[in-house]
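Chain and residue survey
What follows is the residue order along each chain.
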Amino acid sequence: MLEDFISIHDLSLYEFNQILELTEQIKAHPQRFQNKLKNKTLAMIFQKPSLRTRVTFEVGMLQLGGEAIYLSPSDIQMGTRETPYDVGKNLERWIDGVMIRTFANQDVVDFARACRIPVINALTDLLHPCQAMADLFTIKEKRRDLGNFKLTYLGDGNNVCHSLLLGAAKSGCNIMVATPPGYEPNPEILKLAEEDGKETGSRFHLTDDPSEAVKEADAVYTDVWASMGQEQEKDKRAKIFAPFQVNKGLMAKAKSDAFFMHCLPAHRGEEVTDDVIDSPQSIVYDQAENRLHIQKAIMLLLLEKKNDD
Ligand code: CP
Ligand code: NVA
């Protein structure tokens, strides 16, 4: 049974598919689930900014009959005022689950180990699993068959890229990742993706050539070039990543019905141009909507039975 949601790699194939199937039901029949988390509370620890994650977890809890409590970096000052361990040991006495957005992925792993209540990874420097689950759900919703799907990710080999690699491996879709040299995905993540892909037949390929990467792509996905915490590298990265901009010219090299995808926030005019993100091929707001449905499924699976005995 699912205890925490930290990395897609931790999920069995059964659990991975269970989340997608439950999401489909929740999205189609939200009223059937409206009291499932009555009287349950979720603490939301944010060490970085957020629009989508905060709103979708908070609204998701509300729609399931529970409540979410937002804890900003200045509220609890995790790591300065108190160790993550002590924060967890307190929260587990009052709360039914915790969602964390922070820098080091190891902090989330350690927090979950210390804490008896379920912990959800809401983005670290290494991973963004809720995002990738919502993205795969969005693709599945539109195309059904992930087996013959080619997802191309362009840009930085970052948290979103890592979770997409791990998600693609579980879902059976093929993924092509194009990054400038030196910005490739983490080798440990590639090892896990290779391992997980053996079970489903999913393959990944790496390249530094954006035109090559988008050939035959069913979806072209990008993310910001400088992630939260890398703001001081923004100018340097803008030069290095310029050839990876998703513009009309690059999209024209993918399949004619290819989707454009982005986790958002987007830096328009940098990694993507307006004429792509605002085009009919763009499904970015469907991805954002599905964050709500996927996280409701994850919270239900983690919190529904817990602490009832
Ligand atoms: N995609 C995403 O996680 O958005 P926020 O940073 O706004 O939560
Ligand atoms: N890679 C981005 C994703 C934001 C949702 C970041 O970490 O800032």
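Here is a short report on the structure shown in this document. Values in this document were obtained by computation on a predicted structure and should not be read as measured data. (Residues numbered from 1 in each chain as written. Chains lettered and ligands numbered in written order. Predicted model: local features only at pLDDT ≥ 70, side-chain atom pairs only at ≥ 80, totals over all residues. Heavy atoms only, no water.)

This brings us to the sheet that holds strand 8 (residues 219–222). In space, the 5 strands of this open sheet follow the order 7-6-5-8-9, with parallel pairing throughout. The open sheet is flanked by strand 7 (204–207) and strand 9 (259–262), the only strands paired with a single partner. Looking at each pair of strands side by side, their axes are set apart by 20 degrees on average, direction ignored. Here strand 5 (residues 150–154) pairs with strand 8 via 4 bridges, running parallel. If you follow Tyr-153 over to strand 8, its bridge partner there is Tyr-221. In the packing of helix 6 (residues 129–143) onto the sheet, contacts are made with strand 5, strand 8 and strand 9, and the angle to strand 9 comes to roughly 165 degrees. (Pairing = 2+ DSSP bridges. Helix = DSSP H or I, 4+ residues; strand = E, 2+ residues; numbered from the N terminus. Axes fitted to C-alpha atoms, helices over the stretch in contact; angles between N-to-C directions. Contact = heavy atoms within 4.5 Å.)

This part covers the site of ligand 2. Surrounding ligand 2, one finds Leu-123, His-128, Asn-158, Asn-159, Val-160, Asp-223, Val-224, Ser-227, Met-228 and Leu-264. Here Ser-227 contributes a side-chain N or O atom positioned 2.7 Å from a nitrogen atom of ligand 2. A total of 270 Å² of accessible area belongs to ligand 2 in isolation, and the protein chains cover 95% of it. (Near = heavy atom within 4 Å. Polar contact = N/O pair within 3.5 Å; in protein donor to acceptor, adjacent residues only side chain to side chain. Areas by Shrake-Rupley, 256 points an atom, 1.4 Å probe, with all protein chains shown as cover.)

At a minimum axis distance of 9 Å, the contact between helix 6 and helix 7 (residues 159–171) shows a crossing angle of 45 degrees. The angle between helix 6 and helix 7 places the two elements in the oblique class. In this structure, the crossing between helix 6 and helix 7 has a hand that is right-handed. For the pair helix 6 and helix 7, contact is made by Pro-129, Ala-132, Asp-135 and Leu-136 and by Ser-163, Leu-164, Gly-167, Ala-168 and Ser-171, respectively. Here the contact of helix 6 with helix 7 is built from residues that sort into 5 nonpolar, 3 polar and 1 charged. (Parallel < 35°, antiparallel > 145°, perpendicular 65-115°, else oblique. Left-handed = near helix turned anticlockwise from the far one by under 90°. Nonpolar A, V, L, I, M, F, W, Y, C, P; charged D, E, K, R; others polar.)

Spatially, the 4 strands line up as an open sheet ordered 2-1-3-4, and their pairing is parallel. What marks the edges here is a single partner per strand, and that holds for strand 2 (67–71) and strand 4 (119–121). Each strand of the sheet is rotated relative to its neighbour by a mean of 20 degrees, with strand direction disregarded. Two elements, strand 3 (residues 97–101) and strand 4, share 3 bridges in a ladder whose sense is parallel.

For the pair helix 1 (residues 13–28) and helix 6, the least separation of the axes is 11 Å and the interaxial angle reads 65 degrees. For the element pair helix 1 / helix 6, the angle class is roughly perpendicular. Handedness of the helix 1/helix 6 crossing: right-handed. From helix 1, Phe-16, Ile-19, Leu-20, Thr-23, Glu-24 and Lys-27 reach across to helix 6, where they touch Met-133, Leu-136, Phe-137, Lys-140 and Glu-141. Here the residues of the contact of helix 1 with helix 6 are counted per class, giving 6 nonpolar, 1 polar and 4 charged.

The next subject is a nonpolar patch on the surface. The grouping of Leu-51, Val-55 and Val-59 at the surface amounts to a nonpolar patch, some 230 Å² of accessible area in total. Tracing the chain through its elements places Val-59 in helix 2 (residues 52–63). The exposure class assigned to Val-59 is partly exposed, which follows from its relative accessible area of 30%. (Patch = residues over 30% accessible without salt bridge, like charges linked within 9 Å, V, L, I, M, F, W, Y side chains within 5 Å. Salt bridge = Lys/Arg side-chain N within 4 Å of Asp/Glu carboxyl O. Buried < 20%, exposed > 50% of the residue type's maximum accessible area, 1.4 Å probe, protein only.)

Following the criterion strictly, the structure yields 4 aromatic pairs and no others. Both rings, one in Tyr-183 and one in Phe-241, keep their centres 4.9 Å apart while their planes meet at 65 degrees; by these two values the pair is edge-to-face. Remark: Phe-241 occurs in helix 10 (residues 234–241) and Tyr-183 occurs in the loop between strand 6 (174–178) and helix 8 (187–200); sequence separation between them is 58 residues. Like Tyr-183, the residue Phe-241 is buried in the burial classification. Ring centres of Trp-225 and Phe-241 lie 6.0 Å apart, and the angle between their planes is 15 degrees; this geometry places the pair in the stacked category. Residue Trp-225 is located in the loop between strand 8 and helix 10, and its partner Phe-241 is located in helix 10; the two are separated by 16 residues in the primary sequence. Of the two residues examined, Trp-225 and Phe-241, each falls in the buried class. One aromatic cluster is present, formed by Tyr-183, Trp-225 and Phe-241 through successive ring pairs. In this structure, Arg-54 is placed above the aromatic ring of Tyr-70, and the distance from its NZ or CZ to the ring centre is 3.7 Å. (Phe/Tyr/Trp six-rings, centres within 6.5 Å; stacked < 30°, edge-to-face > 60°. Lys NZ or Arg CZ within 6 Å of the ring centre and 35° of its normal.)

None of the figures reported here should be taken as evidence of function without further support.
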